[in-house]
Each structure stands twice: as C-alpha cells, then as structure tokens.
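Listed below are the residues making up each chain.
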Amino acid sequence: RNKSLMQFKRLSTLTHIKCLVSLRSAPPTSTFFSVKCTPDIQYSISPPPKVTPDFSPIPLNGSSVLLINMTHASQFENESKLSVWYYGKNKEVLGKAVMHLTAVEISLDVDADRDGIVEKNNPNKSSWKWGPNGHGAILLVNCDSERTYVKRLDSEQDCITSVSDLKDMAPMVLRTRGPAKLPDGYKLTMHISQGDAENVRVFRSLSAVSILQKSDSNFFGKDYPLVLSSQILSQELPYTGGVAEMKFYVEGLRFADKDFDGLISIHLSLLEPICEGIPERPIFTDKVVFRVAPWIMTPNTLKPLEVFVCSTSDNSKFLKGMRNLVAKSGYKLKICSENMNRGDRWIQDELEFGYIDSPHHRFPVVLDSPRDGSLMDFPFNELLGPDFGYVTRVAHHKDVSSLDSFGNLEVSPPVTVNGKYYPLGRIIIGVAFPTATKGRNMTKVVQDFLWAQKVQEPIALFSDWLEVGHVDEFMTFVPAPDRKGFRLLLASPDAAYKLFRGLQADGHGQAQLFDGLRDEEPVTLDEILGDNGFQAQNNYVQSCIDWNRDVLKRELGLDDEDIIDLPILFKLVNNKDEYRALAFYPDMVNMIVLGKNLGIPKPFGPKVNGCCALEAEMCSLMEGLGLRCTFIDDFASYHKLLGEVHCGSNVLREPFDFRWWNLEL
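Here the structure is a predicted model, which is why all the values come from computation and not from measurement.

## Some remarks on the pattern of salt bridges
Considering all chains together, one arrives at 42 salt bridges under this definition. Between Lys553 and Asp560 there is a salt bridge; the shortest N-O distance is 2.9 Å. With a closest N to O distance of 3.1 Å, Glu578 and Arg580 form a salt bridge. The class for Arg580 is buried, based on a relative accessible area of 10%. Several salt bridges converge on common partners, so that one network encompasses Asp109, Lys125, Arg175, Glu245 and Asp286.

Laid out in structure tokens, this is it:
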C-alpha cells in the first residue's frame, strides 16, 4: 500500500445521504477494482462498467467515480463502512482504501407549496415560480406595530415583542436526523448574502411551546434570539442529535422596489474542518427561497369595511350627507377630527389603502403619499397598529407635485386584456402627456414602488391637463351585474352639451345652474350654450379625455359598452401662463362607491319640473345597473376648494379572494 492509499484508510466523511468519491487516487498500475460495503450503503459507478461476472473485479477507468447513497441516517459516528480494493493487470491485490461513513439528514424547510404547512424537504424549495402550479415560500414585510403608543414598525425593532408579532413572520424549520453529535470540528451554519441582509431577518425559537398555545402573558422575547440580520450574515447553529427540529421565524423588512426584486435566499451549510489555521469548507448546502408579498390595492368593486372622512369647521353639510350614506349602506364610519387633521380635509390624497397576503397571514397596509399635507401624521399615528401595516416612499420636496396626491392613484377591477388575465386589476396613475417637454409627473420613487409590486401592472394616463391633475377627476369604476362586472365612468363634456341642448330644445333654455347657492352667480342653459369660447375649452377637455379613453380601452380590454359617459363640464384657468381645467360644477364622477350605494357630489344643475336635470340623468344611468344615487352637498366645503366627495373620503375594503401568488406571470 502506498502513502496515497493509506490516506483513505481512516477517513471519516460526513454526508447528507449522498456523496461522490473519485477513484483517481488508485495505485498507478491499477487495472481493476471492486467495492464492498455494509448493508445500509448503496453505490453506483460512473461511467457504468461493462457487465462482469458477480464478484469479479471491475475494469478501472481513469475517470471513474463512485456514487455512494446511504439508505438512512447514522445512529452513531462511523457506523457504516465501504472499502475499495485495487488490482493489477493479473488481478493481484495492490491495496485497499477504507471509508468510515457517518450519514446525517439535514433539511432546511419552508412552506414551498403554499398551503400554510412547512413540509419536509420539498424539492422546489430552492426556487420560486408563479401560478397555481407554482412553488416557493412567501414572506410578509413586518410593517405593522404591536406597540400602540410611541409607535415603531415591528421591522424596526431588534426583538420580538409578542405572540402576534410572530404570526406576521414566515415559519422555517431545520430538520436533522443523525448520531448524538457531529464528528469533531464539523458545524452547521445558517447564512445569507450581504444583499439579502438588508431585506430580511431570522429569529430562532428556543421555546418548546407552540405559538398557538402562547399568550402575551407567557411570552418572553429572550426565547426568540436574532439569528441573521444586516449585522449577522452567518451564525453557527447547535446540532442536538437524534431526530430533531429547530424552528425559525423569518421577517421581511422591505417591499420589492426598483433595487430589490423581492426574492430572498437563506442557506444552511454543513462545514468540514481542514486543519488548524485553514477555514472550514462547506460539504453540503441547503437553500430556501422566499418572495416578499407585494402591496395590493383594492378597487371600488370590493366590499367596504370602513369609511374615513375629516371633520372641519365648514363641512357640516358634507358630514351629514356622508353619515346618512354610510349608515344606509351598513358600514363603519371613522371621522378624523380637526385636532388630527389640522384643517386638512383631503384624506383621499394623503393615503391609499391596500393589503399584504400570505398563506399564513394577511393584514391591511396603508400607503402614505409623499404629499405630506397637514394630514401627514394620520396614517402612522392613527392607522398603524397590530395587524395594520404602514409603508411610504419619501421623495425630495422639489420633486413632489399635486400629481403625487393619491386622488391620482386608482386601480381597476379584474380584467382580461388580449387573453391575459389580471385577477387583481391594474393600477392607474396620471402623468404628463408623453410628448410634453415640461409638466408634472408622479414622483419616480412612487412609480418605481408601484411597478415593482408586479401583480397590478400600472397604466399611465394623461392627467396633467387638469389644474389639480388627478385621475379621479375624470374617471372611476362602479360595480355592474353584467358584462365584465363593472362599468368605467368617464367625465364627458360632449354628454353634458347633448343633455343641455336637448333641454334647450324642449324650451328650458332659461333653467339655471347654481340656483339658490349662496355667493354663486346662477347661469342659464342659454348662456352656457351660447358661449363659443367656453365650448372651445370643453372641446379641448373632451380631446384629453378621449385620449385617455383610448388608453383605457386598450389597456383594460374594454368595449364602448363597458363605458358610461357622465355629463360634466370644465373650465380652463390660467396659472402661471399655463391653462388647465377645473370642473365647472360639482364633478359627479368624483364619487364614493359603497357597494350598490353611490355618494355623488350634488351638481346643482338646471331644474326642470322641480328636479335637477343632472341628478335625473345620473340616476337614469346608474339605476340601470342596480345602483342607488345619493347626492351630497360638497359645493362650499370641497368643490370651491378644487375637490369633491372622493377627494374628501377614503375606504378600507376587503381583500381579493384571489391569492396573488397564483398569478401567471
């Protein structure tokens, strides 16, 4: 036996059930070899040898590799043995190499099949695939707050403070089976990359009690030490021997964004010692992959849970109308008092409600706009709490415009476009016209965030033609019992002129708009229809809306029958030598949708036979869909301040039944 063979004789090798052994260390004159092993070892040879009689030596190929497969984990160290015998040309024995083997089962496990259970060693756990037949674990951003005073996001805490905090995290289990201890110098380590470390943290459970059996009275944060974070990229884990499970809780820290695709990998490695002064080397690594759950907006067609409005010194009529509407609809109403809103009534512009979802948990999350008016503290101080999350995007003050208010952020109901299904709808934002050399746009950090969520692919409309610049000034969605399950409502000067000309032809040319309104000069239909300059302004507005109409038809897969034109007129105002549009009378498209009940700005249109012709037309258009119209007086307290009912309200809605990970992307 030469020296190279003697190196094999007492070799102790640790494996995760399988290992490869090269036969290139055979004596130089070796021509044949044979293999003997204990019953718990199976082996194969690559490349496969030619068939030889039983127990006959096998011809040795210079590139021969022995694949060893252990049938079960070892109960003690060096339990199994395999020997390789080498023979010369005449089949004389030249030497023997002996391997003493210790098999250890190691599996880092997650809920890769998305059923809420951490299964053992799912073959797809190390990758992520969309769709109903997809795979890969899901991680929530821990963006709520278990603290209800001096609040901080749970993701900013360096420890776990309660049982409910654990439920926001994804479970992960390390399963091992093997001897009572690892051979000297071997160790288990869990590790993440520097890039992923900014997006995730991992806590280990030292408690033997299930979180389902825990309450905050018997919860101790020290039972859940931090294992991995931006400061801890790798940590050794104890090996307890026998059949064991070690539980971990994985916490998302960031939503997907332009610089983060939402995918996170966590690794578990078995390290083998080489010799003193030389780092250990990994001989086995297991890997799991998570995708951070996206933030999802909710459209008007989903069931309301709670309605939010602000109380100000001058909006008592508006509040009375909203109270009656919400009570009639059977939903909760939350009134933000003046000490909270500090005179800022535009609660739609300050925030947008959405949610995050996983197989193990879901909760609402408010997106706080970079608008930062006097309501800027409301989302964090009043909404953030246990199982109610918060996210924002901070922009440079010089980049923020009116288009960053969230009246300029909407979402469609589910649609199918050219055969592609969008079960969570599509986000809609307003920007400057594509060919404009200057103009206002939604700030890039918000647009990047919305695009990165992937599941509600955004559509950009042209809204900079409006003085305020919000898409909710010319469009909204309402539920419908037929066709696609909804209708798109569009403001339409053409529809208003058609209605008014018909009234004029019937002899109602002297009927007045704004009749009875304090501090507002009434105007007759004859005066409106005789003003050619005013009509030219509305022809321009109609062209802007028609451009958006074509985009919406194309991007949402709509037909003309899916769209209802509402009679609304606009006027152009000169602001710093730029002409932009405002609603001439209360903008009825800027409504709140509560199931089958619509809260619509009272338009104060021309009265015919004692009834407002605009209200009558609106009721006629909506009641055919089974919707009920309630007209709310917002003229003095909202319309005159360049907003309407939708701008002054917000709605928390139920999430979709559809689970986002089943999307085909």
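## Details of the packing of aromatic side chains
Applying the stated criterion to the full structure yields 25 aromatic pairs. Centroid distance Phe380 to Tyr390: 5.2 Å. Interplanar angle 85°. Geometry classified as edge-to-face. Taken together, the residues span a long stretch of sequence, with Phe380 in helix α7 (residues 378–383) and Tyr390 in strand β24 (residues 389–392) at a distance of ten residues. Here Tyr390 falls in the buried class, since its relative accessible area comes to 12%. Relative to Phe584, the ring of Phe514 has its centre 5.5 Å away and its plane inclined at 65°; by these criteria the two rings are edge-to-face. Pair noted here: Phe514 is in the loop between β32 (512–513) and β33 (523–524) and Phe584 is in the loop between β36 (578–583) and β37 (592–594), with a separation of 70 residues, a long-range link. Residue Phe514 shares its accessibility class with Phe584, and that shared class is buried. The structure contains a cluster of three or more aromatic residues connected by ring pairs, namely Phe500, Phe514, Phe534, Phe584, Tyr585, Phe604 and Phe635.

## Looking at the nonpolar core
Counting residues in each nonpolar core, the largest one holds 70 residues, and the members touching the most others are Phe474, Met475, Phe500 and Met622. Counting 69 residues, the second-largest nonpolar core is a separate cluster that includes Met172, Ile264, Phe284 and Leu663.

## Side note on the packing of helix α9 (residues 493–505) against helix α11 (residues 532–556)
At a minimum axis distance of 8 Å, the contact between α9 and α11 shows a crossing angle of 135°. Comparing their axes, α11 and α9 come out oblique. Only Phe534, Gln535, Asn538, Val541, Gln542 and Ile545 of α11 make contact with α9, whose side of the interface consists of Pro493, Asp494, Tyr497 and Arg501. Among the residues forming the contact of α9 with α11, the class breakdown is five nonpolar, three polar and two charged.

## Quick look at the environment of Tyr224
Among the structural elements, Tyr224 can be located in the loop between β13 (200–204) and β14 (226–228). It is 8.5 Å that separates the C-alpha atoms of Tyr224 and Phe248, two residues lying 24 residues apart in sequence.

## What to know about the sheet that holds strand β34 (residues 563–567)
Strands sit in the order β30-β31-β34 across an open sheet of three strands; the sheet is mixed. Pairing within the sheet leaves two strands with one partner each, and these edge strands are β30 (475–479) and β34. Taking each pair of neighbouring strands and ignoring which way they run, the sheet shows an average axis angle of 30°. The pairing of β30 with strand β31 (residues 486–492) spans five bridges and is antiparallel. Residue pairing across strands places Pro479 opposite Phe486, the latter belonging to β31. Packed on one face of the sheet, helix α12 (residues 613–623) meets β30, β31 and β34 and runs near 170° to β34.

## Some words on the pairing of strand β3 (residues 32–37)
Regular strands place side chains that alternate from one sheet face to the opposite one. By the bridge criterion, six bridges tie β3 to strand β7 (residues 80–87) in an arrangement that is antiparallel. From the neighbouring strand, Phe32 faces β7, where its bridge partner is Tyr87. One ladder, built from two bridges, connects β3 with strand β5 (residues 58–59); its direction is antiparallel. What sits directly across from Phe32, in β5, is Pro59.

## A few points about the domain arrangement of the chain
It is common to report an interface's size as the accessible area lost on association of the parts. Assigned domains of the chain: these are domain 1 (8–104), domain 2 (111–292) and domain 3 (296–662). Relative placement of domain 1 and domain 3: their C-alpha centres are 74 Å apart.

## A look at the side chain of Asp154
Checked against the element boundaries, Asp154 lands in the loop between β10 (137–139) and α2 (163–167). Arg147 provides the closest opposite charge to the buried, unpaired Asp154, separated from it by 7.5 Å. Setting aside residues up to four positions removed in sequence, Asp154 forms contacts with Asn142, Asp144, Ser145, Glu146, Asp165, Asp168, Arg201 and Glu251.

## Considerations on the side chain of Thr312
As for its position among the elements, Thr312 is in the loop between β20 (304–310) and α4 (316–329). Among the polar contacts listed, one links the side chain of Thr312 to the side chain of Asp314, at a separation of 2.8 Å. In this structure, Thr312 is in contact with Glu338, Asn341, Gly343 and Arg345, ignoring residues within four places of it in sequence.

## Points about the sheet that holds strand β11 (residues 170–178)
Strands sit in the order β9-β11-β16-β13-β14 across an open sheet of five strands; the sheet is antiparallel. Only two strands of the sheet have a single partner each, and these edge strands are β9 (105–109) and β14. Strand-to-strand twist across the sheet, computed as the mean angle between neighbouring axes with direction ignored, equals 25°. Judged from the five bridges that link them, β13 and strand β16 (residues 242–252) form a sheet pairing that is antiparallel. Paired with Phe203 across the strands is Tyr249, a residue of β16.

What counts, and where the lines are drawn
- Residues numbered from 1 in each chain as written.
- Predicted model: local features only at pLDDT ≥ 70, side-chain atom pairs only at ≥ 80, totals over all residues.
- Heavy atoms only, no water.
- Salt bridge = Lys/Arg side-chain N within 4 Å of Asp/Glu carboxyl O.
- Buried < 20%, exposed > 50% of the residue type's maximum accessible area, 1.4 Å probe, protein only.
- Phe/Tyr/Trp six-rings, centres within 6.5 Å; stacked < 30°, edge-to-face > 60°.
- Helix = DSSP H or I, 4+ residues; strand = E, 2+ residues; numbered from the N terminus.
- Core = buried A, V, L, I, M, F, W, Y, C linked by side-chain atoms within 4.5 Å.
- Axes fitted to C-alpha atoms, helices over the stretch in contact; angles between N-to-C directions.
- Parallel < 35°, antiparallel > 145°, perpendicular 65-115°, else oblique.
- Contact = heavy atoms within 4.5 Å.
- Nonpolar A, V, L, I, M, F, W, Y, C, P; charged D, E, K, R; others polar.
- Pairing = 2+ DSSP bridges.
- Domains from an automatic or database assignment.
- Lys, Arg positive; Asp, Glu negative; His and termini not counted.
- Polar contact = N/O pair within 3.5 Å; in protein donor to acceptor, adjacent residues only side chain to side chain.

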